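Residue-level structure breakdown
Chain by chain, the residues run as shown.
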Amino acid sequence: MTIEVRNIVKQYGAFKALDNVDLRVADGELLALLGPSGSGKTSLLRIIAGLDWPDSGEVSFDGENALVRGAGERHVGFVFQHYALFRHMSVFENVAFGLRVQPRAVRKSEAQIRARVKELLDLVQLDWLANRYPSQLSGGQRQRIALARALAIEPRILLLDEPFGALDAKVRKELRQWLRTLHEEIHVTSIFVTHDQEEALEVANRVVVMDKGKIEQIGTPGDVYDNPATAFVHSFIGESIVLPVDISDGQVKLGHRPLNIDAGGAIGPSKLFVRRHDMQIGPVGEGALDGTVRRVRTFGPIQRADIALSGDDTLVEIDAPRDRPLTTGDAISLQPRRYRIFAAQE
Amino acid sequence: MTITIINSPVTVERAQSVARHDPHTEPWLVRGIIIGVAVTFLTVFVVLPLILVFSEALSKGVGFYLSALADSEALAAIWLTLITAVISVSLNLVFGVAAAWAVAKFEFRGKTLLVTLIDLPFSVSPVISGLVFVLLFGAQGFFGPWLMSHGINILFAVPAIVLATTFVTFPFVARELIPLMQEQGSQEEEAAISLGASGWRTFVVVTLPNIKWGLLYGVLLCNARAMGEFGAVSVVSGHIRGETNTMPLLVEILYNEYQLVASFAIASLLALLALVTLIAKTILEGQIEEGQLPRDD
Amino acid sequence: MSAAPKRSALPGFGLSMGLTLTWLSLLILIPLAGLFVKTADLSLSQFIDTVTSNRTLHALRISFGLAFAAALVNLVAGLIIVWALVRYRFPGRRLFDAIVDIPFALPTAVAGIALTTLFAQNGWLGAPLASLGIKVAFTPLGIFLAMVFIGIPFVVRTVQPVLIDLDVEIEEAAVCLGASRWQTITRVIIPSLTPAILTGFALAFARAVGEYGSVIFIAGNLPNVSEIAPLLIVIRLSEFRYADATAIAVVMLVVSFLIIFLLNRLQRWAQTRALAVS
């Protein structure tokens, strides 16, 4: 099932939750909506599910207008942030719910329902919990039951709102892996919302980065990390060193010091973004910037150093391989291997 | 629901507005019926009787109303009601704070049982609440003969009225304070103690400011019930005119003597008390909510 | 019950606990125990004769039967009122919300004379009903209506906070799974509210069984027809038949205790379930 979202606008009072959003999701994709809170990602997910309606714009599934259908008629599986399991029903009844509420004409027989629920519980590897109540499950188990329940109605689309948000770090990691495997198995078009970049980059085929109701960039995990389209994406994903620079006559200046790097067409007050590990260390005078090492700590294959830049003592944090050990007090130079310059906002 | 989409913008528009209705609510017709039933039910059962009290009380004019209230029997009943309320509310205030402190700040076995026992008067018929004191202090009661031989009057006198009222209003203050203090926990008190404050000072300076609105609310409810109690007081009062009649008892006597306007006049004072209590309750609930620490999400 | 507490930094356990237990024993426990001691004045067969006499049985049946019916009405009406107050916005909503407490706050004698006058044959509502051939005041129907009146706040006030706190997500989950609005309400929302509904029902029932002030005016008080059990206690007392009065009271008390016991069970049951998802 393909999903197409066109020109969606959603406003809550003066707050614009979604500002003219366009999005195409291909059949069988596993897409992440990534952004900080208030970026509109959950609003978009709820509009696709039919839990909210846009002020204007279109949503279509396989070319068919979805907005004329209510949430119950869209055949969308929705996994809620807090799972929303029915606490008065056993795990079995929770999963069976979607099958039991179908109109009598199409409802499966009791035996078929039992078989289907069993199959789903097997799929999420929790068949031994069928008779428990939600209050007796761990967070990770609840999450998987919520997923099984959503899959029971054989949804054409699977939507997950912060699926791992309420879990502790270890369980999160396990479930990420598991969700990927599960998606490869059932291959239903899926969208999940997250504010955690690691989660988005690790699980999704494609990542949609959102901020302030707008889509900043759509791309593969590699794309959004290596080629951030905007300053927001660069600072939101991965760790970056950000330096205020000024560009005139094609020359990039930090304060009054020229940096001898290519401005790439930017003009005026701008921001220079460099990944921590993209700073090349060299002898004084041989890089774009000079500085003094203030503090070094090493973990694993890298050493992380605080460097005070000459001139104004701005501190930047860099990651360097351990082949050339740094010590406090060393005078060094820094040369960005890869960098991006974006016009400064405001 | 199946929707056929015809290539006409009007139809699509209508189909959209049908589906667009919030999945969290009912169609407007159902909503209207539910609101209608709720409002009608409350109007018939609650608003009309209340209006009726005031309309009957004033049916012969303000002058008659005021003279009914200024009647010496009425004044005696009002006085007795006030005295009774002051005594039983003060007693239950002290008890309620002590019980709430014990229950909310300490862990001990039998706590659930204690809370159940505190609530007991709520589930006892008011008539039985009166009856137990008749059995204790009546002529055929356990202490009756001894009291009589010593010339002490408890039953059919003010002491029994106060006792019965205190019995009936026993849970109000404690019930209001226990959940409030449990929710607030003991951290602030523990901080004060660790800073060297005495127990009493901790209570006055730390606990009391935190519970003041809940305490006031409990006292108000307790007072409203104390002034309005009928069944229990009726059993122990003896209905001696001008001496052991509280306001609710006088309402009954006047009503049974077909002095309807006078009866409703006294009743209107009690109804007014109920209304003031409810208004204060609404205000206090706002205060209590404000006093709570913001929950972090 | 007063086993020493686990160590606590706070002082005052002895004082507050001592005060509580003394006061509780003197005012509540000893007087109530006296009630049971007094029934010992009757032999077992006398006791059984008293509580199974025709008039007593009728009174008990009227009190318990009508209280049960009234609590049922309170349950249904209470749910409708709660739903309207919590889920809808309409003019006067806050006012009606406040009004729900009036039956609780209004002295029972005042409610009694007001309801009687309202439903008397020449009353505001009694007159139109009489023209339909329905007589309310001084009949069991009057008792029933008075019991409905005093029971209103209980279901509303126990269910209201639970409905307010109910997570919208579970309704949305039901909708996404294809449930109709009606299925969502009957299979998801009402079951979630059931413990609170039952608690409210039991409270309303217990209150109506023991109710005296608001009922006796409208009841008519005809023995075997419209005489409630609490009134029969008062009548026996005025006849100085203390033991008889006590026997009826004991029956009512025991039933009330059973209700409290059930209530506690219910709340515990509700709590174990409410531990879920959050």
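In every chain, residue numbers begin from 1 and rise along the written sequence. Lettering of chains starts at A and numbering of ligands starts at 1, both following the order in which they are written. The predicted nature of this model means local features are confined to residues of pLDDT at least 70 and side-chain atom pairs, given and counted, to a pLDDT of 80 or more, with totals for whole chains, interfaces and linings taken over all residues. In computing side-chain values, all of the structure's heavy atoms are included and hydrogens and water are not.

Examining the pairing of strand β9 (residues 206-211) of chain A
All names here are of chain A. Each residue gets one of three labels from its accessible area relative to the maximum for its type: buried under 20%, exposed over 50%, partly exposed in between, using a 1.4 Å probe on protein chains only. Each helix is a run of DSSP H or I of at least 4 residues and each strand a run of E of at least 2, with the numbering of both proceeding from the N terminus. β9 sits mainly inside the fold: five of its six residues count as buried. Here strand β3 (residues 30-34) pairs with β9 via four bridges, running parallel. When the sheet's bridge partners are listed, Leu31 is paired in β9 with Arg206. In sequence, β9 turns back onto strand β10 (residues 214-219) through a hairpin of two residues, with Lys212 there showing a positive phi of about 50 degrees. We treat two strands as partners when DSSP finds at least two bridges between them.

Comments concerning a nonpolar patch on the surface
For patch building, the residue pool is restricted to those with more than 30% relative accessible area and no salt bridge; the joining distance is 9 Å between like charges and 5 Å between nonpolar side chains (Val, Leu, Ile, Met, Phe, Trp, Tyr). Each accessible area is a Shrake-Rupley estimate made with a 1.4 Å probe; only the visible protein chains count as cover when residues are assessed. In what follows, salt bridge is the name for a side-chain nitrogen of Lys or Arg lying within 4 Å of a carboxyl oxygen of Asp or Glu. On the surface, B:Trp28, B:Leu29, B:Val30, B:Ile33 and B:Val37 cluster together into a nonpolar patch covering about 520 Å² of accessible area. If you trace the backbone, B:Leu29 turns up in helix α2 (residues 28-57).

Concerning the packing of helix α3 (residues 54-87) of chain C against helix α12 (residues 229-238) of chain C
Residues and elements named next belong to chain C. Axis lines are fitted to C-alpha atoms, over the contacting stretch for helices. Their N-to-C directions set the angle, which ranges from 0 to 180 degrees. Interaxial distance between α3 and α12 falls to 8 Å at its minimum, and their mutual angle equals 145 degrees. Along its contact with α3, which presents Arg55, Thr56, Ala59, Leu60 and Ser63, the element α12 presents Ala229, Pro230, Leu232, Ile235 and Arg236. Three residue categories are used. Nonpolar comprises Ala, Val, Leu, Ile, Met, Phe, Trp, Tyr, Cys and Pro, charged comprises Asp, Glu, Lys and Arg, and polar comprises the others, including Gly. Per-class residue counts for the contact of α3 with α12 are six nonpolar, two polar and two charged. The contact criterion used is simple: two residues touch if any of their non-hydrogen atoms lie within 4.5 Å.

Notes on the environment of C:Asn221
Residues and elements named next belong to chain C. On the secondary structure map, Asn221 appears in the loop between α11 (213-219) and α12. Residue Asn221 is classed as partly exposed on the basis of its relative accessible area, which comes to 26%. What Asn221 contacts, discounting residues up to four positions off in sequence, is Ile216, Ser226, Glu227 and Leu231.

Considering unusual backbone geometry
Within the chain, B:Phe156 stands out as a residue other than glycine whose phi angle is a positive 55 degrees. Positionally, B:Phe156 belongs in the loop between α7 (144-149) and α8 (158-169). Taking the relative accessible area as the measure of exposure, B:Phe156 reaches 38% and is therefore partly exposed. At C:Asn224, a residue that is not glycine, the phi angle is positive and equals roughly 70 degrees. Within the secondary structure, C:Asn224 sits in the loop between α11 and α12.

Things to note about the side chain of C:Thr158
Residues and elements named next belong to chain C. Along the chain, Thr158 turns up in helix α8 (residues 140-165). Engagement of the side chain of Thr158 in a polar contact is seen with the backbone oxygen of Ala196, the distance being 3.4 Å. With sequence-adjacent residues up to four places away left out, Thr158 is seen in contact with Ala196, Thr199, Gly200 and Leu203. Within 3.5 Å is the distance limit for a polar contact, defined as a pair of N or O atoms, with the added protein rule that one can donate a hydrogen and the other accept it, and that residues adjacent in sequence qualify only through two side-chain atoms.

Digging into the UniProt feature "domain: ABC transmembrane type-1" (unreviewed entry) in chain B
UniProt positions are given in the numbering used here, feature names are shortened, and annotations may be inferred rather than shown by experiment. Summarizing the sequence annotation, UniProt attributes the feature "domain: ABC transmembrane type-1" (unreviewed entry) to residues 78-285 of chain B in the numbering used throughout. As annotated, residues 78-285 of chain B comprises 78% helix and 0% strand, and the C-alpha atoms at either end are separated by 29 Å.

Some details on the packing of aromatic side chains
Working definition: rings of Phe, Tyr and Trp (its six-membered ring) pair if their centres are within 6.5 Å, and the pair is stacked with planes under 30 degrees apart, edge-to-face with planes over 60 apart, and tilted otherwise. If you walk through the whole model with that rule in mind, you get 23 aromatic pairs over all chains. Ring geometry for B:Phe230 against C:Tyr212: centres 5.7 Å apart, planes inclined by 20 degrees, an arrangement best described as stacked. Remark: C:Tyr212 occurs in the loop between α10 (181-210) and α11 and B:Phe230 occurs in the loop between α11 (199-228) and α12 (231-237); the pair is interchain, linking two chains. C:Tyr212 shares its class with B:Phe230; the two are buried. The rings of B:Phe133, B:Phe137, B:Phe143 and B:Phe167 are connected pair by pair, giving a single aromatic cluster.

Structural notes on the domain arrangement of chain B
Residue and element names in this part refer to chain B. The split of the chain into domains comes from an automatic or database domain assignment. What the domain assignment lists for chain B is domain 1 (26-58) and domain 2 (62-291). Listed per partner, the contact involves seven residues of domain 1 and nine residues of domain 2. Counting across the interface, domain 1 meets domain 2 through zero residue pairs in polar contact (both at pLDDT 80 or more). Tallied by class, the residues present in the side of domain 1 that touches domain 2 amount to six nonpolar, no polar and one charged.

Considerations on the domain arrangement of chain A
Residues and elements named next belong to chain A. Domain annotation for chain A reports domain 1 (3-233) and domain 2 (239-343). Measuring from the centre of the C-alpha atoms in domain 1 to the corresponding centre in domain 2 gives 41 Å. Of the residues lining the interface, eight residues belong to domain 1; the matching set on domain 2 comes to six residues. Where domain 1 abuts domain 2, roughly 600 Å² becomes buried across the two surfaces, and 45% of that area is made up of carbon and sulfur atoms. By buried area we mean the combined loss of accessible area, with a 1.4 Å probe, across both parts when two parts are placed together.

Considering the interface of chain C and chain B
Across the boundary between the two partners, chain C contributes 89 residues, which contact 89 residues of chain B. Counting the surface lost from both chain C and chain B, the interface buries some 8000 Å², and carbon and sulfur atoms represent 82% of this. When the buried area of chain C at its contact with chain B is split by residue, C:Leu10, C:Trp23 and C:Tyr88 rank highest and sum to 9% of it. At the junction of chain C and chain B, the tally comes to two salt bridges. Taken together, chain C and chain B are joined by seven residue pairs in polar contact (both at pLDDT 80 or more). The greatest single-element share of the side of chain C that touches chain B, amounting to 17 residues, is contributed by helix α1 (residues 13-39) of chain C. The residue makeup of the side of chain C that touches chain B, split by class, is 67 nonpolar, 13 polar and nine charged.

Section: the UniProt feature "transmembrane region" (unreviewed entry) in chain B
Feature annotation in UniProt places "transmembrane region" (unreviewed entry) on residues 28-54, 74-101, 113-139, 151-174 and 260-280 of chain B, given in this structure's numbering. End C-alpha to end C-alpha, residues 28-54 of chain B measures 36 Å, and it is 100% helix and 0% strand.

Details of the sheet that holds strand β17 (residues 302-309) of chain A
All names here are of chain A. Read across the sheet, five strands follow the order β15-β19-β16-β17-β18 without closing on themselves; strand pairing throughout is antiparallel. Where the open sheet ends on each side, the last strands, each with one partner, are β15 (279-282) and β18 (315-321). Across the sheet, the mean angle separating the axes of adjacent strands is 45 degrees when strand polarity is ignored. As defined by bridge partners, strand β16 (residues 289-299) adjoins strand β19 (residues 331-336) across four bridges and the pair is classed as antiparallel.

Quick notes on the pattern of salt bridges
Scanning all chains against the criterion turns up 50 salt bridges over all chains. Here B:Glu26 ties to C:Arg181 by a salt bridge, and the two come within 2.5 Å at their closest N and O atoms. Pair noted here: B:Glu26 is in the loop between α1 (9-20) and α2 and C:Arg181 is in helix α10, and the two residues belong to different chains. Considered together, B:Glu26 and C:Arg181 belong to a single accessibility category, that of buried residues. For C:Asp101, the salt bridge is made with C:Arg157, and the minimal N-O distance between the two is 3.1 Å. Taken together, the residues C:Asp101 in the loop between α4 (93-99) and α5 (102-105) and C:Arg157 in helix α8 connect sequence positions 56 residues apart.

Brief notes about the sheet that holds strand β14 (residues 268-275) of chain A
All names here are of chain A. The strand order β13-β12-β11-β14-β20 describes an open sheet built from five strands, whose pairing is antiparallel. The sheet is open, and its two edges are formed by β13 (257-258) and β20 (340-343), each paired on a single side. Note that β14 and β20 share four bridges and pair antiparallel. Of the residues in β20, the one forming a bridge with Leu272 is Ile341.

Overview of the packing of α2(B) against α8(C)
With their axes 10 Å apart at the nearest point, α2(B) and α8(C) run at an angle of 105 degrees to one another. Between α2(B) and α8(C), the angle falls in the class roughly perpendicular. Contacts between α2(B) and α8(C) pair B:Phe41, B:Leu42, B:Phe45 and B:Val46 from the former with C:Leu145, C:Val148, C:Phe149 and C:Ile152 from the latter. Residues belonging to the contact of α2(B) with α8(C) are distributed by class as follows: eight nonpolar, no polar and no charged. In this scheme, roughly parallel covers angles under 35 degrees and roughly antiparallel covers those over 145, while 65 to 115 is roughly perpendicular and the rest are oblique.

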